Amino acid sequence: MSQKLTFTHNGKEFQANMERIGKKMFRYVRASYGAMGRRWVKTVKLRASAPYTGNKNRTGPYSGPTSSARLQKRTGALAASIKSEVKGNSVGTLTLRLEAGGATGGRWGGSGGYAALQEYGGVIKPKKAKSLLIPLPNALTPKGRIKKEARIVRRGKKYSTKGLGPTFIRNGVVFAQRQGSFQGVSGQARALYVLKKSVRVHGRLGATGTIMNIAHQSLPKMAMGVLRVLLMDPAYPAPADGK
């Protein structure tokens, strides 16, 4: 036994409804992707923008030191490089682009090219020098940047800072001494840097895990919204995050 199903429609009215649904679908999916991207940017920036603890007037959601789970803000380059963008001119071509680091160039640019290291972790080793020069609090500004006077320059066969005097090394620590002071004896000697053969960085940015969590929460809601659009629900659905 066989049955035949016949579908008839008013050509112009049907075409108009299909075009209307297509436009609504595009706007809805684009808005939902945009909401997911903004949520990702906000969440990841919180992990990459903790204010430097050397600043007495620090503000922000997190003020602790850099740890295996959080990053301490210094230059702000990494946080500034975290961006999202929705591309595409039809439902089939819509994509959500997420970027951290800006190392790939393009119109975003950015100087946070070490984002991958903070996301996945790794070991930092010197490229040409024998050791890495790790700055100590005496060498840093309240914002966590290296002070101009604490920068090391070569003068002849010896090394010195730009404004804190000549340097000397003791037990793997670089000190600076002003003229007239004796190594380590005068109170004018300051510990500026620690010498390390390598430094292991733990992955702590959390960009990948964050978008996975957001997608897990948002995509089911987005799917229901798409269904409502297809059913021509007069109450146009909100983006997947409810905004």
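Presented here is an overview of the structure given in this document. (Residues numbered from 1 in each chain as written. Predicted model: local features only at pLDDT ≥ 70, side-chain atom pairs only at ≥ 80, totals over all residues. Heavy atoms only, no water.)

Details of the environment of Leu-133
Spelled out, the test is: Secondary structure follows DSSP: runs of H or I at least 4 residues long count as helices, runs of E at least 2 residues long count as strands, and numbering of each begins at the N terminus. Throughout, exposure labels follow a simple rule: accessible area from a 1.4 Å probe, protein chains only, divided by the maximum for the residue type, with under 20% read as buried, over 50% as exposed, and the rest as partly exposed. Whether two residues touch is decided by their heavy atoms; if any such pair falls within 4.5 Å, the residues are in contact.
Within the secondary structure, Leu-133 sits in strand E4 (residues 132-135). Using a relative accessible area of 41% as the deciding quantity, one classes Leu-133 as partly exposed. As a C-alpha pair, Leu-133 and Val-174 span 41 residues in sequence and 8.7 Å in three-dimensional space. Discounting residues that sit within four places of it in the chain, Leu-133 has contacts with Ile-152, Val-174, Tyr-193, Val-194 and Leu-195.

Here's the deal with a nonpolar patch on the surface
Stated precisely, the cut-off is as follows: Residues enter patches when they are more than 30% accessible in relative terms and free of salt bridges; like-charged ones are connected within 9 Å and nonpolar ones (Val, Leu, Ile, Met, Phe, Trp, Tyr) within 5 Å. The method behind every accessible area is Shrake-Rupley, applied with a 1.4 Å probe, and residues are considered shielded solely by the protein chains displayed. A pairing counts as a salt bridge when a side-chain nitrogen of Lys or Arg comes within 4 Å of a carboxyl oxygen of Asp or Glu.
The grouping of Met-224, Leu-227 and Leu-231 at the surface amounts to a nonpolar patch, some 320 Å² of accessible area in total. Among the secondary structure elements, Leu-227 is positioned in helix H4 (residues 207-230). What makes Leu-227 partly exposed here is its relative accessible area of 40%.

As for unusual backbone geometry
In this structure, Asn-171 takes a positive phi of about 55° despite not being glycine. Its location among the elements puts Asn-171 in the loop between strand E7 (167-170) and strand E8 (173-176). The exposed category is assigned to Asn-171, whose relative accessible area is 76%.

Let's talk about the pattern of salt bridges
One pass over the structure, following the stated rule, counts two salt bridges. Ionic pairing is found between Arg-97 and Glu-85, a salt bridge with its closest N-O pair at 3.9 Å. Residue Arg-97 is found in strand E2 (residues 95-99), and its partner Glu-85 is found in strand E1 (residues 83-87); the two are separated by 12 residues along the sequence. For Arg-97, a relative accessible area of 36% gives the class partly exposed. A relative accessible area of 14% means that Glu-85 is categorised as buried. Ionic contacts of the salt-bridge type, sharing partners, join the residues Glu-85, Arg-97 and Glu-99 into one network.

Section: the nonpolar core
To keep it simple, the criterion reads: Throughout, nonpolar core names a set of buried Ala, Val, Leu, Ile, Met, Phe, Trp, Tyr and Cys residues whose side chains join them through atoms within 4.5 Å.
The biggest cluster of nonpolar side chains holds 13 residues, and the ones touching the most others in it are Trp-40, Val-44, Leu-78, Ile-82, Leu-205, Ala-207 and Ile-214. For this core, the secondary-structure elements that each account for two or more residues are helix H1 (11-48) and H4. Of all hydrophobic cores here, the second largest spans eight residues; its members include Met-25, Val-29, Leu-94 and Val-229.

Focus: the packing of aromatic side chains
Our working rule: Any Phe, Tyr or Trp ring, taking Trp's six-membered ring, that has another such ring centre within 6.5 Å forms a pair; planes under 30 degrees apart are called stacked, those over 60 apart edge-to-face, and the others tilted.
By the definition in use, this model includes one aromatic pair. Seen from their ring centres, Phe-168 and Phe-175 are 5.2 Å apart, and the 10° between their planes marks the pair as stacked. Judged by its relative accessible area of 8%, Phe-168 is buried. According to the relative accessible area criterion, Phe-175 is buried, its value standing at 19%.

Remarks on the sheet that holds E7
In plain terms, the rule: If DSSP finds at least two bridges between two strands, the strands pair. The convention used is that axes are lines fitted to C-alpha atoms, helices contributing only their stretch in contact, and that angles between N-to-C directions extend from 0 to 180 degrees.
Here four strands make up an open sheet; going across it, the order is E4-E9-E8-E7 and the pairing antiparallel. Lying at the two open borders of the sheet, with one neighbouring strand each, are E4 and E7. Each adjacent strand pair in this sheet contributes to an overall mean axis angle of 35°, direction not counted. When E4 meets strand E9 (residues 190-196), the two strands line up antiparallel, connected through four bridges. Bridge pairing links Leu-133 to Leu-195 in E9.

Examining the side chain of Gln-118
Residue position: Gln-118 is located in helix H3 (residues 115-120). When near neighbours in sequence (up to four residues on either side) are disregarded, Gln-118 contacts Leu-71, Leu-78, Val-201, His-202, Gly-203, Arg-204 and Leu-205.

Considering H4
Spelled out, the test is: For a helix, the expected span equals 1.5 Å multiplied by the residue count minus one. Here the bend at each residue means the angle between axes fitted to two seven-residue stretches, the one ending at that residue and the one beginning there.
Over its 24 residues, H4 runs 33 Å from end to end, which matches the ideal 34 Å to within 8%, given 1.5 Å per residue. The sharpest bend along H4 reaches about 30° and sits at Ser-218, with the proline Pro-220 one to four residues further on. Looking at H4, one finds that the buried residues are Ala-207, Thr-210, Ile-211, Ile-214, Ala-215, Ser-218, Met-222, Gly-225 and Val-229. The positive-phi residue at the C-terminal boundary of H4 is Met-232, with phi of around 60°.

Digging into the environment of Leu-132
Topologically, Leu-132 is positioned in strand E4. Distance in space between the C-alpha atoms of Leu-132 and Leu-195 is 5.5 Å, their sequence separation being 63 residues. For Leu-132, the contacting residues outside a window of four places in its chain are Ile-124, Lys-125, Pro-126, Val-194, Leu-195, Lys-196, Ser-198 and Val-199.

Any link to function would need more than the numbers given here.
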